[in-house]
Amino acid sequence: MKAYIARKLLALPLILIGVSLLVFLAIRALPGDPARLMAGPEATQTAVDDMRTRLGLDRSLPAQYADFAYGAVRGDLGMSIKSKLPVVSEIGERLPYTIALAITSYLLAILVGVPAGMAGAIFRHRWPDQIVMLLAIAGASIANFWLALMAMNTFSVSLGWLPLLGATSWKSYILPSVSLAVLPMAIIARMTRSSMIEVLSQDYIRTARAKGVPAVTIYWSHALRNALLPIITIVGLNFGSLIGGAVVTESVFNWPGIGRLLVDAVRYRDYPVIQGVTLVAVTGVVVMNFLAEMLIAALNPRIRFD
Amino acid sequence: MKSSSLLAIGVIAGALYSPIAALASTLNVMQTEAPRSMDPGDQTATYTAALLDPMYEGLLARSSDLTLKPALATEWKSDDAGLVWTFKLREGVTFHDGTPFNADAVVKNFARHLDPKRGLAASGRLRTFIDSVTAVDPMTVQFKLKHPYPAFLALLTTGACLMVSPVADAAGTIGSKAVGTGPYKLAEYKSGEYVLEAKNPNYWGGAPKGVGEIKWTWTSEPSVMNMALQTGDADVVSPLPPAFAKQIDANPDMKLNKSEGSAVFWLALNTKLKPLDDVRVRQALNYATDRAGLVKAIMQGYATPANSPLAPVTPGYDKTLASYTYDVDKAKKLLADAGYPNGFEMSTIVQEPDARLGEVLQAMWAKAGVKLDVRRMESGVWAKAAFADPVGKQTDGTGSVVASWSSGVNGADLQFRPLYYSASAAPAGANLGFFNEPKLDEVLDKAASTLDESARNALYVQAQKIVNDEAPHVLLYTTQDLYATRANVKGVWVVPGGQIEVKDATKN
């Protein structure tokens, strides 16, 4: 186990180097020229060339990457081309908002998804199950973006109950969290249902029932604990898709997180910001996956790492 | 486990409270994009210019009747050739950081643009015609131009020529922290959320008339703009997407404002590519275009069909020019004369927001036998493809580009030269179809050195005729500038082209 953790920790920097190189090359392979975008359509070619020199984009790719990597190691991700602020402070200012949104969304997804999935399993093939499954299918297939706009129109514009934009009070969290939670909620509900169904058919549950253990104890204490493993796996491994969802949700709700920062950065080909945000997001995903694996191992001693 | 959940709670609690609450004395303005810089000399976007406007001033300013008026300069004169310009500066002006405004500050402001090493985004145009800027005495400056330039005074009111504090510029902070001389100064810039501007108590013009604070936010989502206006999250939205105009107009709590704009939309034809090198083919495409239909379909009627490469607000515009009527038979005949009785195939590249424009053109031109392949592109990709050189466009098979241009009230030269002058052929400039017409070059050069306004405008009428005859573009329409406010907002206006002016706005 210890050796496994050590190996994982050693692999982390290698993963980050690989990812940073990939991101660095991928955004430079994108068509579109930051110097042209910065200088504007009315700029002469000379002005665009001057801008390119100023941004250091006229240097060779290895030189640019070396600069980026050396800076990143020292905690300096460069300056945003657009806002002229250090990328580290741009991300630092936005990251708490994204993390806060991610946590509220996941809590919501788990608090609704797990009981819903359990209900589906317990009342299998009866109407509660059918409702849960219908909602789960809808939740997994509905466009996040559309849902967000509908929710805004209903709860902010028509009813006036909730703030429309930004992060100004606890109420601001409700609409973005819900619209971000819908997809993981649906996935968690389905996973919980199928894994509960499997657990409930096991011999030890039948034995417990025969012994007269109350249904509540069976469901919550015996079955759920064993059904938890796949749920944790889903939660841990789906962190990446949550970041993806945040890009859309944050843009629609003017949420000051890194998702919106990334969208703006891509539009202006703000290379340092794209690199920085991607690096931070990938680190988050890798760390979350690692934590999920550790948690699974801790909960299920039968899982061996070697 | 415990410490990580504590951390999470702390993070949420920290994020929950934002310091700015909505105040009655705050004017909330929402635009379509985030500011690109706090330095007016390092950006060229209309919406950034609008946001910077309350904080910065130039030597001259434009009033709401669109005439030029003194600002940081009180008077000016030029020699007979229009080459040497002398400006008397306003006394007793200081920048927001306390730096005095004087000839030295003006010289430093222009020196940074004339220095190619700085590579500022807005410098390019100034470098083409300003030779030098010198201080005659502490409150007098003199500009030497390389050649007469009719748009010179108008340009002094725009981004590149707005005065930034030379101290802040030297410190390298001007890009993220605005320091000008305007009636408002920067209070807070949260790059992900808003720009907040507060009244400048030391303004040379006396206490500002407008609201206490101006708060700028932005969204790229048109329906969010509309909703923000409904909920009162925004007092002003600019530009208003035409799709929402009727709904806003019908609501007594809101005001829809529309005025003649200056953005001319067109489709630049690649004159180096067969069969578009044939003027008859280019004319045929013009005849095959139902401009009134486009205005209705794309702009919900909030635009004017184009009959000239100039917008109606641009000095020199000739409204009597006969534009191409919608005449499919004539288009077919011209195509047959050119040797394409069965039409031909060509492509056009459009940015995502203009995609529908491309599709409507596709349907219109199909009636004349022209098969248009519409290639939608994300803006960064489009910019690269649009500014490709002839070889690049040949390789990509780019037959035409859908785009728009807005020189507005700053003069016809700023519309003609970048778009049609032979030396502006892409990638050097925005002559995206590589149009090359020595006759036009000559007229434009002559107009640029003609100081008499009516003689100059007569030359621009000639230029409009040449462009219409040679048809390097399919001219589509000039948009109206649309913006909306809550009904309690007064004193907002828009410079043709879309720059919203809110520094004198009030809200009750």
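Residues numbered from 1 in each chain as written. Chains lettered and ligands numbered in written order. Predicted model: local features only at pLDDT ≥ 70, side-chain atom pairs only at ≥ 80, totals over all residues. Heavy atoms only, no water.

As recorded in an unreviewed UniProt entry, chain A goes by ABC transporter permease and comes from Rhizobium jaguaris. We quote the UniProt Subcellular location (unreviewed entry) comment for chain A here in full: "Cell membrane". The Sequence similarities (unreviewed entry) comment attached to chain A in UniProt states, word for word, "Belongs to the binding-protein-dependent transport system permease family." (UniProt positions renumbered as here; feature names shortened; annotations may be inferred.)

Novice: So what exactly am I meant to see when it comes to the overall build of chain B here?
Specialist: Assigned secondary structure in chain B consists of 17 helices and 21 strands. Relative to the compact-globule value of 23 Å for 508 residues, chain B shows a C-alpha radius of gyration of 24 Å, a close match. If one aligns the C-alpha atoms of chain B with their principal axes, the spans along those axes are about 70 × 70 × 50 Å. Sorting the 508 residues of chain B into buried and exposed places 59% on the buried side. Taking the contacts inside chain B whose residues are at least 6 apart along the sequence as the reference set, 68% of them involve residues at least 24 apart. Considering chain B, the positive charge centre built from 50 side chains and the negative charge centre built from 53 side chains are found 2 Å apart. (Helix = DSSP H or I, 4+ residues; strand = E, 2+ residues; numbered from the N terminus. Rg over C-alpha atoms; globule rule 2.2 N^0.38 Å. Buried < 20%, exposed > 50% of the residue type's maximum accessible area, 1.4 Å probe, protein only. Contact = heavy atoms within 4.5 Å. Lys, Arg positive; Asp, Glu negative; His and termini not counted. Charge placed at Lys NZ, Arg CZ, Asp CG, Glu CD.)

Novice: Could you clarify how one ought to interpret a nonpolar patch on the surface in this entry?
Specialist: Residues and elements named next belong to chain A. A grouping of I142, F145, W146, M150 and V248 is seen on the molecular surface, where their side chains present a nonpolar patch of about 420 Å² in accessible area. When residues in the nonpolar patch are grouped by element, the largest group, three residues, is from helix α7 (residues 144-158). Along the chain, the position of F145 falls in helix α7. (Patch = residues over 30% accessible without salt bridge, like charges linked within 9 Å, V, L, I, M, F, W, Y side chains within 5 Å. Areas by Shrake-Rupley, 256 points an atom, 1.4 Å probe, with all protein chains shown as cover. Salt bridge = Lys/Arg side-chain N within 4 Å of Asp/Glu carboxyl O.)

Novice: So what exactly am I meant to see when it comes to the sheet that holds strand β4 (residues 73-78) of chain B here?
Specialist: Across a sheet, paired strands are connected by hydrogen bonds in the backbone, their directions being either parallel or antiparallel. Residues and elements named next belong to chain B. Spatially, β4-β5-β7-β6 is the arrangement adopted by the four strands of the open sheet, whose pairing is antiparallel. The strands lining the two open edges of the sheet, one partner per strand, are β4 and β6 (130-137). Ignoring strand direction, the axes of neighbouring strands in this sheet form an average angle of 20 degrees. Pairing between β4 and strand β5 (residues 84-89): five bridges, direction antiparallel. Each bridged residue has a counterpart across the sheet, and for S78 the counterpart in β5 is W85. The strands touched by helix α3 (residues 103-114) within the sheet are β5, β6 and β7 (140-145), with β6 carrying the most contacts at an inclination of about 165 degrees. (Pairing = 2+ DSSP bridges. Axes fitted to C-alpha atoms, helices over the stretch in contact; angles between N-to-C directions.)

Novice: Just to check I follow, could you spell out the pattern of salt bridges for this structure?
Specialist: For side chains of opposite charge, pairing can occur when their charged atoms come near one another. Residue and element names in this part refer to chain B. A full pass over the atoms with the stated rule returns 26 salt bridges over all chains. Put simply, D39 and R112 hold a salt bridge, and the shortest N to O gap is 2.8 Å. Taken together, the residues span a long stretch of sequence, with D39 in the loop between β1 (26-31) and α2 (46-52) and R112 in helix α3 at a distance of 73 residues. The class of D39 is buried, set by a relative accessible area of 2%. Given a relative accessible area of 4%, R112 falls into the buried group.

Novice: Got a minute to help me understand unusual backbone geometry in this structure?
Specialist: Among all residues except glycine, the phi angle is most often negative; among peptide bonds, the trans geometry is most common. All names here are of chain B. With an omega dihedral of -5 degrees, the bond running from K274 to P275 counts as a cis peptide bond. Residue position: P275 is located in the loop between β12 (254-269) and α9 (279-287). Here the bond from A426 into P427 is cis, since omega is 10 degrees, no more than 30 degrees from zero. Phi angles above zero are rare outside glycine, and Q300 is one such case at about 50 degrees. You can see Q300 is positioned in the loop between α10 (291-299) and β13 (303-305). Owing to a relative accessible area of 34%, Q300 belongs among the partly exposed residues under this scheme.

Novice: Just checking my understanding: could you explain the nonpolar core for this structure?
Specialist: One recurring pattern in soluble globular proteins: nonpolar side chains tend to sit buried together. All names here are of chain B. Residues L59, F87, F101, F110, F143 and F152 are the most contacted members of the largest nonpolar core, which totals 64 residues. Contact partners of F143, with chain neighbours within four places excluded, come to L59, L83, V84, W85, F87, V106, F110, I130, S132, V133 and F152. Core analysis: the next-biggest nonpolar cluster, separate from the first, contains 39 residues, A288, M299, V474 and L476 among them. (Core = buried A, V, L, I, M, F, W, Y, C linked by side-chain atoms within 4.5 Å.)

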